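Reading the structure
Residues per chain, in single letters:
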Amino acid sequence: MRIVLLGPPGAGKGTQCKRIVERYKTAHLSSGDILRQERAEGSELGEKARSYMDSGALVPDAIIIEMMVKAIAKCGEKGFLLDGFPRTVVQAEELDRALERIGAGIDLVLNLQVPDEMVARRLTGRRSCPKCGAVYHIETMPPKTDEICDNDGAELVQRPDDRTEVVQNRLKTYHDQTAPLIDYYGRKGLVHDVDGSRSADEVSNLIFERLDALCCC
Ligand code: AP5
Ligand code: MG
């Protein structure tokens, strides 16, 4: 399966990807997670990305494309689930070219639809575990003990780009630069819309229904 997950910031892409990976054992490639890992390691790439990410802007296409094409190449035949990439039409065109070179293509684009007001609430309430990467929400998916990770007891942290002022910029960036991808992939007949405003379990069921059908054909 070669799947792209599209959706605004906070749509639940990361949350759903974890569940899809568990069920279908596919590789999860999150451009945001890879960038945060590079930053944590203090790499040159991570340093270059820092100011863009913290202001809610996109990291330049050339940097992202090189990083993601390398990650995709490592997946080989077993496919992948792309989360946060592509995010511009230029990135999508480059992805198509890279896949064409190996005689492959995208099978399906899941488009998680969530209104802007809900995105803002989800992001400002998000907390993550710096150790294992688990993601919580202080209201909708709280940990058993406030601010503590259920898996490893680490203190949860807030992403620097989840502050209210940055969230508004990320939403604008999404509408200006990423939403056009819905048309880009729509013209290829690949888009499946999913109501991302429902509970996480309901959203998973909608996605599994579609992916089960894809796996069986
Ligand atoms: P990235 O990390 O990709 O962030 P994003 O796309 O803005 O998306 P998020 O990770 O914030 O949200 P999500 O959809 O994964 O939601 P989640 O499941 O966590 O990118 C960060 C930055 O990196 C970018 O701004 C950019 O600078 C750079 N970057 C990355 N890729 C790039 C690219 N291709 N090109 C250029 N730059 C790039 O859920 C959010 C919250 O909601 C959580 O608290 C969760 O518990 C809760 N929640 C989830 N689902 C539900 C539900 N159904 N009901 C209730 N609560 C829910
Ligand atoms: Mg995410």
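Residues numbered from 1 in each chain as written. Chains lettered and ligands numbered in written order. Predicted model: local features only at pLDDT ≥ 70, side-chain atom pairs only at ≥ 80, totals over all residues. Heavy atoms only, no water.

**Concerning helix α1 (residues 13–24)**
Relative to the 16 Å expected for 12 residues at 1.5 Å per residue, α1 spans 16 Å between its end C-alpha atoms, a close match to the ideal helical length. Looking at α1, one finds that the buried residues are Lys13, Gln16, Cys17, Ile20 and Tyr24. Taken down its axis, α1 places every buried residue within 105° of arc, on the same side. Positive phi appears at Lys25, one or two residues downstream of α1, with a value of about 55°. (Helix = DSSP H or I, 4+ residues; strand = E, 2+ residues; numbered from the N terminus. Expected span 1.5 Å × (residues − 1). Buried < 20%, exposed > 50% of the residue type's maximum accessible area, 1.4 Å probe, protein only. Arc of directions from axis to C-beta.)

**With respect to the nonpolar core**
Side chains of a nonpolar character, in soluble globular proteins, are inclined to be buried together. The biggest cluster of nonpolar side chains holds 29 residues, and the ones touching the most others in it are Leu82 and Tyr185. Of all the elements in the fold, those that place two or more residues in this core are β1 (2–6), β2 (27–30), α3 (44–55), α4 (61–75), β3 (80–83), α5 (89–101) and α8 (180–186). With 8 residues, the single largest contributor to this core is α4. When sequence neighbours within four positions are dropped, the list of residues in contact with Leu82 reads Ile3, Val4, Leu5, Leu29, Met68, Ile72 and Leu95. Counting residues in each nonpolar core, the second largest holds 22 residues, with Leu5, Cys17, Leu81 and Leu112 among its members. (Core = buried A, V, L, I, M, F, W, Y, C linked by side-chain atoms within 4.5 Å. Contact = heavy atoms within 4.5 Å.)

**Focus: the site of ligand 1**
Around ligand 1 lies a shell of 35 residues, among which Thr15, Ala57, Arg87, Arg126 and Arg170 are the nearest. At 2.9 Å from an oxygen atom of ligand 1 is found a main-chain nitrogen or oxygen belonging to Gly10. The backbone of Arg198 places a nitrogen or oxygen atom 2.8 Å from a nitrogen atom of ligand 1. Burial of ligand 1 by the protein chains amounts to 96% of its free accessible area of 1,000 Å². For the shell around ligand 1, the secondary structure elements donating two or more residues are α1, α2 (31–40), α6 (116–124) and β6 (135–137). Take the shell around ligand 1: its biggest share by element is 4 residues, from α2. For the shell around ligand 1, the residue count by class is 15 nonpolar, 11 polar and 9 charged. (Near = heavy atom within 4 Å. Polar contact = N/O pair within 3.5 Å; in protein donor to acceptor, adjacent residues only side chain to side chain. Areas by Shrake-Rupley, 256 points an atom, 1.4 Å probe, with all protein chains shown as cover. Nonpolar A, V, L, I, M, F, W, Y, C, P; charged D, E, K, R; others polar.)

**Observations regarding the pairing of strand β4 (residues 108–113)**
Counting buried positions along β4 yields 5 of 6 residues, so the element is predominantly enclosed. Bridge count between β1 and β4: 4 bridges; the pairing is parallel. Paired with Val4 across the bridge in β4 is Val109. As paired strands, β4 and strand β7 (residues 191–195) are joined by 5 bridges and run parallel to one another. When the sheet's bridge partners are listed, Val109 is paired in β7 with Val191. (Pairing = 2+ DSSP bridges.)

**Comments concerning the side chain of Arg39**
Looking at the secondary structure, you find Arg39 in helix α2. Those residues within four positions of Arg39 in sequence are excluded, and the remaining contacts are Gly46, Arg50, Met53 and Asp54.

**As for unusual backbone geometry**
Peptide bonds are, in most cases, trans, and in most cases residues other than glycine have a negative phi. Cis peptide bonds are those with omega within 30 degrees of zero, and the linkage from Phe85 to Pro86 qualifies with -5°. The residue Pro86 is located in the loop between β3 and α5 in this model. Of note in this structure, Lys25 is not a glycine but carries a positive phi near 55°. On the secondary structure map, Lys25 appears in the loop between α1 and β2. Using a relative accessible area of 63% as the deciding quantity, one classes Lys25 as exposed.

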